[in-house]
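Working through the structure, step by step
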Amino acid sequence: MLPFTEKAVQIIKNIPAGYVMTYGQVAKAAGSPRGARQVVRILHSMSEKHHLPWHRIINAQGGISTPNDRDEKGHLQRDLLEAEGVEFGLDDKVDLSKYRWDPTIDPIISEH
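What comes next is a walk through the structure.

Thoughts on the overall build of the protein
Counting its regular elements, the protein contains five helices and two strands. Ordered by position in the sequence, the α and β elements of the protein form the string α-β-α-α-β-α-α. Per-residue burial over the protein gives 43% buried out of 112 residues. When contacts within the protein are restricted to residue pairs at least 6 apart in sequence, those whose partners lie at least 24 apart make up 61%.

Quick notes on the side chain of Gln 25
Among the structural elements, Gln 25 can be located in helix α2 (residues 23-29). In this structure Gln 25 touches Val 20, Arg 100, Trp 101, Asp 102 and Pro 103, once residues within four positions along its chain are discounted.

A look at the environment of Ile 64
With respect to the helices, strands and loops of the structure, Ile 64 is situated in the loop between β2 (57-58) and α4 (72-83). Separated by 28 residues in the primary sequence, Ile 64 and Asp 92 place their C-alpha atoms 8.3 Å from one another. The residues contacting Ile 64, other than those within four sequence positions of it, are Asn 59, Gly 74, Gln 77, Arg 78 and Phe 88.

Looking at unusual backbone geometry
Even without glycine at this site, His 51 takes up a positive phi of about 55°. On the basis of relative accessible area, His 51 is assigned to the exposed category, the value being 69%.

Some details on the packing of helix α1 (residues 3-13) against helix α3 (residues 36-50)
Two elements in contact, α1 and α3, have axes whose closest approach is 10 Å; the angle formed by their N-to-C orientations is 65°. By the angle between their axes, α1 is roughly perpendicular relative to α3. Along this stretch, α1 crosses α3, giving a crossing that reads as right-handed. Contacts between α1 and α3 involve Phe 4, Thr 5, Ala 8, Val 9, Ile 12 and Lys 13 on the former and, on the latter, Gln 38, Val 39, Ile 42, Leu 43, Met 46 and His 50. Per-class residue counts for the contact of α1 with α3 are eight nonpolar, three polar and one charged.

Reading the values: the criteria
- Residues numbered from 1 in each chain as written.
- Predicted model: local features only at pLDDT ≥ 70, side-chain atom pairs only at ≥ 80, totals over all residues.
- Heavy atoms only, no water.
- Helix = DSSP H or I, 4+ residues; strand = E, 2+ residues; numbered from the N terminus.
- Buried < 20%, exposed > 50% of the residue type's maximum accessible area, 1.4 Å probe, protein only.
- Contact = heavy atoms within 4.5 Å.
- Axes fitted to C-alpha atoms, helices over the stretch in contact; angles between N-to-C directions.
- Parallel < 35°, antiparallel > 145°, perpendicular 65-115°, else oblique.
- Left-handed = near helix turned anticlockwise from the far one by under 90°.
- Nonpolar A, V, L, I, M, F, W, Y, C, P; charged D, E, K, R; others polar.

These figures come from the coordinates and say nothing about function on their own.
Structural data, given as structure tokens:
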């Protein structure tokens, strides 16, 4: 595994239940600020093999990248996040100021 891929996988594995990260945020934390598309590929090809919590990765606007009305995976992602306590606003977006996890900050995180 390439160093970026290895680091991205580890970051994704460490996202606590009830929190999210964006594709770009994972890429930046893994050492490639412009590598959001690489994170998409990692999630697509390695989620099952590495038991990644893929549903905790959302887009920079706080939304699910697969529109709920067109894809079962989008519905599943929302259901999994809501089961962990993540709330969606009326605009179908997650409040990143409340639910975004930052791995560069102390890993002990406060309650929502």
